[in-house]
Amino acid sequence: MVILGVRIEFYDKVGDVGERSQNMLGAIYRDHAFRAAGVPGVGELFSITSLRVGPREHHIGVEFTGHGPFLPVRLVEHYPTPIDDEGNAPQWWDRSAEPSANVVLHTTMSTDPVLRRKMMERFAAPDSGWVGMFSPNSELEQLWWELRGSLDD
């Protein structure tokens, strides 16, 4: 088993795997969030049912651009732990950092404000562990912080 982090990047238009997506709107990410059988490669499919989109029967209204209940992996970022000749992490290394990998997924954001809000609520919940990064003062950034504030109450 391996521990994976996931970053979901939102774009106006998603290109095919190997092509650039256009006009990044922002991203949400969670490091060390998933236990997996292995690290998926670029182009392999990642199940959205593993993400915080709720049970399979509740996926109606949650829009992800992908292949059914999957999104193709766009990038894999590896974070290995350096070791010295004895197999130990060197003194300069942050000893709390374990080896990990992050997978990057691309999707579009719903243009329907009700559906967009419903999807973002699931990730913005304070107990979700997800972090949002959006263009400053954008509609998505405002929605993220509105949801974080209203959900903190």
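The notes below deal with the structure included here. (Residues numbered from 1 in each chain as written. Predicted model: local features only at pLDDT ≥ 70, side-chain atom pairs only at ≥ 80, totals over all residues. Heavy atoms only, no water.)

1. A word on the pairing of strand 2 (residues 22-36)
Logical step 1: Judged from the 10 bridges that link them, strand 1 (residues 2-13) and strand 2 form a sheet pairing that is antiparallel. Across the sheet, residue K13 finds its bridge partner in strand 2, namely Q22.
Logical step 2: For strand 2 and strand 6 (residues 131-134), the ladder comprises four bridges, and the chain directions are antiparallel. Bridge pairing in strand 6 links A27 to M133. (Pairing = 2+ DSSP bridges. Helix = DSSP H or I, 4+ residues; strand = E, 2+ residues; numbered from the N terminus.)

2. A short note on the environment of V14
Logical step 1: For V14, the position within the fold is in the loop between strand 1 and strand 2.
Logical step 2: Note: C-alpha distance between V14 and T108 (94 residues apart in sequence) is 6.6 Å.

3. Remarks on the sheet that holds strand 6
Logical step 1: In space, the six strands of this open sheet follow the order 3-4-5-1-2-6, with mixed pairing throughout. Both edges of this open sheet fall to strand 3 (45-47) and strand 6, since each of them pairs with a single strand only. Going across the sheet, the axis of each strand differs from the next one's by a mean of 35 degrees, ignoring polarity.
Logical step 2: As paired strands, strand 4 (residues 70-79) and strand 5 (residues 100-108) are joined by six bridges and run antiparallel to one another. Bridge pairing in strand 5 links V76 to V103. (Axes fitted to C-alpha atoms, helices over the stretch in contact; angles between N-to-C directions.)

4. Remarks on the pattern of salt bridges
Charged atoms that come close allow side chains of opposite charge to pair.
Logical step 1: Applying the stated criterion to the full structure yields five salt bridges.
Logical step 2: In this structure, E139 and R116 form a salt bridge, with 2.6 Å as the shortest nitrogen-oxygen distance. Taken together, the positions of E139 in helix 2 (residues 139-152) and R116 in helix 1 (residues 113-124) put the pair 23 residues apart, joining distant regions of the chain.
Logical step 3: Judged by relative accessible area, which is 53%, E139 ranks as exposed.
Logical step 4: Put simply, R117 and E146 hold a salt bridge, and the shortest N to O gap is 2.8 Å. Of the two residues, R117 sits in helix 1 while E146 sits in helix 2, which places them 29 residues apart along the sequence.
Logical step 5: Note on R117: relative accessible area 30%, which makes it partly exposed. (Salt bridge = Lys/Arg side-chain N within 4 Å of Asp/Glu carboxyl O. Buried < 20%, exposed > 50% of the residue type's maximum accessible area, 1.4 Å probe, protein only.)

5. Observations regarding the environment of E44
Logical step 1: Inspection of the secondary structure puts E44 in the loop between strand 2 and strand 3.
Logical step 2: It is 9.7 Å that separates the C-alpha atoms of E44 and V17, two residues lying 27 residues apart in sequence.
Logical step 3: Residues contacting E44, with those up to four places away along its chain left out, are L71, P72 and V73. (Contact = heavy atoms within 4.5 Å.)

6. Describing the side chain of S100
Logical step 1: With respect to the secondary-structure elements, S100 resides in strand 5.
Logical step 2: Since its relative accessible area comes to 14%, S100 is described here as buried.
Logical step 3: The residues touching S100, leaving out its near neighbours within four places in the chain, are I3, H32, E77, H78 and Y79.

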